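Architecture and fold: a report
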Amino acid sequence: MASDLMEIDDSLYSRQRYVLGDRAMHQMAQSSVFLSGMGAMGVEIVTLHDTKLCETWDLGSNFFIRRDDVSSQRRRVEAVCPRVAELNPYVQVDASSVPLDDNTDLSFLRKYQCVILTEASLTLQKRVNKFCHSQQPPVRFICCDAYGICVRVFCDFGEEFEVSDPTGEEPKEIFIQSITQDNPGVVTCMDNHPHGLQTGQSVVFREVGGMLQLNGSTRQITVRSPHSFEIGDTSQLPTYTHGGFVVLLKTSKTYTFGTLEQQLCDPQVLIPDFSKPEAPLQIHAAMLALDRFQEQLCRLPNVGFTPFDCLSPSQAPVNSELVRCLSRTARGTLAPLAAAVGGIASQEVLKAITGKFAPLQQWFYLDTLELVRPLQSLPSEEFFPRGDRYDGLRACIGESMCLDLHKLRVFMVGCGAIGCEMLKNFALLGVGLASSSGEVCITDPDLIEKSNLNRQFLFRPHHIQKPKSTTAAEATREINPELQVEAHLHKVCPATENIYNDSFYSTMNIVVTALDNVEARRYVDSRCVSNQRPLLDSGTMGTKGHTEIIVPNLTESYNSHRDPPEEEIPFCTLKSFPSVIEHTIQWARDKFESAFVHKPSMYNAFWQMHPSAEAVLHRMQAGESLEGSFQVIKLLSRRPSHWEQCIAAARLKFEKYFKRKGQQLLHSFPLETRLKDGSLFWQSPKRPPTPIEFDLKDPLHFSFIISTARLFADIYNISYSVKDLSEEAVSKILSGVKIPEYRPSEKCIETDESAKKPDQLKMPLSSEEEREAITQLEQAITSNKTTPDGLHMSSLQFEKDDDNNGHIDFVTSASSLRARMYSIEPADRLKTKRIAGKIIPAIATATAAVAGMVALELIKVVGGYGLESFKNCFFNLAIPVVVLTEPATVKHTLIRNNIFFSIWDCWTIFGHEDFTLSDFMSAVREKYGIEPSMVVHGVKMLYVPVMPGHSKRLKLTMQKLIKPLAGRRYVDLTVSFAPESDGDEDLPGPPVRYHFSPDGKAP
């Protein structure tokens, strides 16, 4: 990144900033990186150096090389460099094709902060690493290799590499319940919340009552339990009285690295698969043997049948099957495996130049032995090259599997970051070729935004505001013109089941999700289970990623497990007692939603239902209660008609939110208020407010007034000029605004954390409020406010990524003012935007890794592999940790009498026009050996014996009971079965699919 461009383009980098932070971003901007090798590995990082010409083989591993590059015999670096450069205008990309070998003078490498080698001999790797390690300061060194089914990454960042933030996790405030006066003193967390700390970490104390000497001090902790920890001697401190919290103190850590030469003999490895912990050292030995083979014979083993003894390593441990498979596939390339390890290596590059996150120490090895193990019995000819772009893939998985991939029909939901990476893998694997009647069907309703460009690499600046799906399809066909890609613009949800119906799913072999929310995943999963289709799911959050493989009748489904629901902030906390910045941001976001989204929508809906103000007045005068009338008439009576009134309304909001609210709380609960047990009301986590006096000279006050006034102008369609936004103009308007005198209210303030927010529309009105509403409506009619324009407002939609609309300005200023009022550390605009916009931090490294892992599993699904071959993956590239596990096997539930079912089972009954409920129950008994005791359709109970009148339903036809929609061929019914013993609960069973006609057609 060019060093003179230090201003971070938030519209492009916002998601990445949340992962790395600004300090790391600035360090990246001033960095210089050298990368050698434009094969499958190099393209995943950045492009700088390569000496080879483009070959047909490259089309299956390098997604930046095109057929024209091969036919014109261009150098790989010349083909790739401009295409990498167009990904980001802020990055300067230079191409070099000078030889880099054992005779090259390496002094030119001193100008780089990091050197990455791919496709280099071990001798050259050792030579370059020795040079980099010896420099002062050392040049960070990374080498990566991909040979068939095995990949490796090696890192050497010098003898003393300091990391400012090993984990990247944001410190949380941990509220204190008690602190003992002892040696050692023990801190217990509020409400037994887990603290998540580790022994040896240090914490800083804040706002502790009694033991005042602790405030601002740093103590190293020893964990006693998930809810308590020791902090050393507190026996000489005053008695703890109340409140306080601790925050984890981030400390830097220094890492020591050995050279490549040293690490070859005594490797320090990361273990990704604990079911085979010996694998990394086995791959290490096998790949070293492969290195020796190359150096002796100046080539890789031939595809398919290299003699084993040529590759036999001289050191233990030896896995003969691994060595044999590596030998057979070494010339080949598994593009998804290269993508996965390329993402991991790319994160190490970022660590090397930023000092952010814990570095890999020092080897990472990964193999896909499970992928090729079932293929070893195939004849060697299966793996021979045929002169096309799939030769590298064919060398690994054989011709038959390649053909199966070509004719595959895939449905992918979502074309964002993971979707783009998956499409790249599909193109390189040849998934869904038109000539083989294959297809990749993709759908995404979203348009491309600038913030997508830094990780959704199929998109370019000229694509902004174009549909993701159609643009991604076009870009994928550029990588591989043979692909058949059909692009849709629909969401996949109940509303589109007329498009994505059972017939549609029956034409697809595999479903892939590239989604960013749980609800959508659950829905797609339910459709896959219903239609017996495999589902490949994945997701990322910052440097973390996961993959889940779901195969019919083998594994559990996505819906088989449920994460605990997000902890909701209690209503009373949001309204009156915030304690952390997340509370004030959510409060500000709720205020935006209420004032500028909900109220305008409610206002418009009311006047669409009641088009005449006079008619509403007459009905109210007649004593009729109209839902929402009080709120709507209040909005009408206070409706501003020009900019000055918008400024005045904003000033009154300031007074209400940041002064009177605090005054009212202190009136209701004075500082000395005590609870029934004698403890102080205002103690941690409750913070007493300090009402704020308005000061236009304060930038935060000014920002709130301007942003709020602009939003009022937007919903009331009032124009304003740039001059109107000046401090001078605003000051002049405010000088004429009268602030009503504060009068304390005696209304009750909610303190019960279990209480829910009341629905204002459904709260009964007092007779005084009704009279006030009638008077206000009469005045509005008299003053000609009830014109068609006056009875309409513009409802806004919160848009976090438009810096010009004032939405984030409002939330940031409102949240910061409320934080100031409650003595809470405020958040900057960037953090506020992330929390208010519920932005998921994202970085391209994790996306590449997760998509590569998913694509490897796709090949196994196509091959019809057994459960033991599949791998789910979880990783956190920051730590780094990569964990591969076998998917959970499907559970079979016993009903009774040796009758079992699983989530994949669906019993079927075919009926006819006169088929009764009694016939249905008999048919289930005759076909499956057990009779239902209860039948439910959705939320409608069709038959529950204890319900009055339900026995009469047995004679009714199924069609009359269910009343199917036109064209509906079947319904899925939930059935239960009588328990073996009286008093036990009914036994669950699989869904029973009832077809309305014997041939399965619509009635």
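Summarised in this report is the structure supplied together with it. Since this is a predicted model, take the numbers as computed values, not measurements.

Let us now look at a negative patch on the surface. Taken together, the side chains of D191, E750, D752 and E753 define an acidic patch exposed on the protein surface. Relative to the elements of secondary structure, D191 occurs in the loop between β7 (186-189) and β8 (202-206). Of the residues examined, D191 reaches a relative accessible area of 56% and is grouped as exposed.

Before going further, it helps to spend a moment on the pattern of salt bridges. Counting across every chain of the model gives 48 salt bridges. Taking the shortest distance from any N to any O, the salt bridge between R74 and D69 comes out at 3.0 Å. Of the residues examined, D69 reaches a relative accessible area of 3% and is grouped as buried.

Let us now look at the pairing of strand β27 (residues 932-937). Taken together, the 4 bridges between β27 and strand β29 (residues 970-977) define a ladder with antiparallel strand orientation. The residue bridging V936 from the neighbouring strand is T974, located in β29. One ladder, built from 3 bridges, connects β27 with strand β28 (residues 940-943); its direction is antiparallel. For H937, the partnering residue across the bridge sits in β28 and is K940. The antiparallel pairing of β27 with β28 creates a hairpin that spans 2 residues between the two strands, and G938 there sits at a positive phi of about 65°.

Adjacent strands of a sheet form backbone hydrogen bonds with each other and so pair up, either parallel or antiparallel. The 8 strands lie next to each other as β18-β17-β16-β19-β20-β21-β22-β23, forming an open sheet whose pairing is mixed. The strands lining the two open edges of the sheet, one partner per strand, are β18 (485-488) and β23 (881-885). Taking the axes of each pair of neighbouring strands and ignoring which way they run, one obtains an average angle of 15° across the sheet. Alignment of strand β16 (residues 409-413) against strand β17 (residues 439-443), held across 5 bridges, turns out to be parallel. Bridging from a neighbouring strand, V410 pairs with V440 of β17. Here helix α15 (residues 518-530) sits on the sheet in contact with β16, β19 (510-513), β20 (535-541) and β21 (544-550), set at roughly 170° to β20. Across the sheet, helix α26 (residues 844-862) lies against β19, β20, β21, β22 (872-876) and β23, angled at about 170° from β20, the strand it touches most.

Over its 20 residues, helix α9 (residues 335-354) extends 28 Å from the first C-alpha to the last, a length consistent with the 28 Å expected when each residue adds 1.5 Å. Among the 20 residues in α9, 20 count as buried, and that is most of the element. Remark: G355 follows α9 within two positions and exhibits a positive phi of approximately 70°.

What follows concerns the packing of aromatic side chains. A complete count under the given rule lists 45 aromatic pairs for this structure. Seen in terms of ring centroids, F63 and F64 are 4.7 Å apart; in terms of plane orientation they differ by 50°. Their pairing is tilted. Taken individually, F63 and F64 each receive the classification buried, so the pair is uniform in this respect. Site record: aromatic cluster; members linked through ring pairs are W587, F592, F596, F654, Y657, F658, F694, F704, F712, Y716, F798 and F810. Over the ring of W587 we find R818; its NZ or CZ atom is 4.4 Å from the centre of that ring. One cation-aromatic arrangement involves R834 over Y18; the distance from NZ or CZ to the ring centre is 5.9 Å.

Let's shift gears to the nonpolar core. In terms of nonpolar packing, the biggest core is built from 155 residues, with L334, I397, F426 and L858 touching the most fellow members. Sort the elements by how many residues they give to this core and α26 lands first, with 12 residues. Discounting chain neighbours no more than four positions away, the residues touching L334 are G148, I149, T368, L371, L393, C396, I397, L856 and I859. Counting residues in hydrophobic clusters, the runner-up holds 74 residues, among them A588, M602, L734 and A836.

Here we take up the pairing of β20. Note on strand geometry: in a regular strand, side chains alternate between the two faces of the sheet. The element β20 is extensively covered by neighbouring structure, given that 5 of its 7 residues are classed as buried. Bridge analysis of β19 against β20 gives 2 bridges, and the strand direction is parallel. The residue of β20 that forms the bridge with V512 is L536. With α15 bridging β19 and its parallel neighbour β20, the resulting β-α-β unit is right-handed. By the bridge criterion, 7 bridges tie β20 to β21 in an arrangement that is antiparallel. In the sheet register, G539 faces β21, and the bridge partner there is H546. Counted along the chain from β20 to the antiparallel partner β21, the turn is 2 residues long, and its residue G542 has a positive phi close to 65°.

The next subject is a positive patch on the surface. On the surface, a cluster of positive charge is contributed by K575, K599, R638, K656, K747 and K757. Mapped onto the fold, K747 is located in the loop between α22 (727-734) and α23 (767-782). Accessibility expressed as a relative area gives 60% for K747, which makes it exposed.

A word on the environment of C132. Within the secondary structure layout, C132 lies in helix α5 (residues 122-134). On the basis of relative accessibility, which here comes to 0%, the residue C132 falls in the buried class. When the C-alpha positions of C132 and S703 are compared, they lie 51 Å apart, and in sequence the two are 571 residues distant. Sequence-distant contacts of C132, defined by excluding residues within four places in its chain, comprise V115, P138, V139 and F141.

With that settled, consider the state of the cysteines. As enumerated under the stated definition, the model contains 0 disulfides in all. Here C54 is not cross-linked by a disulfide; its sulfur's nearest cysteine counterpart is in C81, at 12 Å. In this structure C54 comes out as buried when scored by relative accessible area, which is 1%.

What follows is about the sheet that holds strand β3 (residues 140-147). Strand order across the open sheet formed by 6 strands is β1-β2-β3-β4-β15-β14, with mixed pairing between neighbours. Of all strands in the sheet, those bounded by a partner on one side alone are β1 (33-36) and β14 (269-270). Relative to strand β4 (residues 150-156), β3 runs antiparallel, the two sharing 7 bridges. Residue pairing in the sheet places C144 in a bridge with V153 of β4. Lying over the sheet, helix α7 (residues 279-297) contacts β3, β4, β14 and β15 (363-367), oriented at roughly 90° with respect to β15.

Now for unusual backbone geometry. The step from Q361 to Q362 runs through a cis peptide bond, and the omega angle for that step is -25°. By the element assignment, Q362 lies in the loop between α9 and β15. The omega angle of the peptide bond from I879 to P880 is -10°, so this bond is cis rather than trans. You will see that Q73, though not glycine, has its phi angle at about 55°, which is positive. Mapped onto the elements of the fold, Q73 is located in the loop between α3 (67-71) and α4 (76-85). Residue Q73 is classed as partly exposed on the basis of its relative accessible area of 46%. The backbone of Q532 shows a phi angle near 55°, a positive value even though the residue is not glycine. Within the element layout of this structure, Q532 appears in the loop between α15 and β20.

Thresholds, definitions, all that
Residue indices begin from 1 for each chain and proceed along its sequence in written order. Note on the predicted model: pLDDT of at least 70 is required for a residue's local features to be given, and 80 or more for side-chain atom pairs to be given and counted; whole-chain, interface and lining totals, by contrast, use all residues. With hydrogens and water excluded, all non-hydrogen atoms of the structure serve as input to the side-chain values. Only residues above 30% relative accessible area that lack a salt bridge enter a patch, with like-charged residues linked at up to 9 Å and the nonpolar side chains Val, Leu, Ile, Met, Phe, Trp and Tyr linked at up to 5 Å. Method for areas: the Shrake-Rupley scheme with a 1.4 Å probe, in which residue coverage is limited to the protein chains shown. Should a side-chain nitrogen of Lys or Arg be within 4 Å of a carboxyl oxygen of Asp or Glu, the pair is scored as a salt bridge. Neither His nor the chain ends is counted toward charge; the positive residues are Lys and Arg and the negative residues Asp and Glu. Just so you know, the charge point we use is NZ for Lys, CZ for Arg, CG for Asp and CD for Glu. Comment: elements are numbered from the N terminus, with helices defined as DSSP H or I runs of at least four residues and strands as E runs of at least two. Type-normalised accessible area, obtained with a 1.4 Å probe on protein chains alone, sets the label of each residue: buried when under 20%, exposed when over 50%, and partly exposed for intermediate values. At least two bridges found by DSSP between two strands is the condition for calling them paired. Only the stretch in contact is used when fitting a helix axis, every axis being a line fitted to C-alpha atoms; angles between N-to-C directions are given from 0 to 180 degrees. For this analysis, residues touch if any pair of their heavy atoms sits within 4.5 Å. One less than the residue count of a helix, multiplied by 1.5 Å, gives the span that helix is expected to have. For Phe, Tyr and Trp, rings pair up if their centres lie within 6.5 Å, where Trp contributes its six-membered ring, and each pair is then called stacked (planes under 30 degrees apart), edge-to-face (over 60) or tilted (otherwise). Geometrically, a charge over a ring is one whose NZ (Lys) or CZ (Arg) sits within 6 Å of the ring centre while staying within 35 degrees of the ring normal. Joining through side-chain atoms within 4.5 Å is the link that ties buried Ala, Val, Leu, Ile, Met, Phe, Trp, Tyr and Cys residues into a set, and such a set is a nonpolar core. When the strands point away from the viewer and the connection leading from the first strand across the helix to the second strand turns clockwise, the crossover is called right-handed. Cysteine sulfur atoms that come within 2.5 Å of each other are treated as a disulfide pair.

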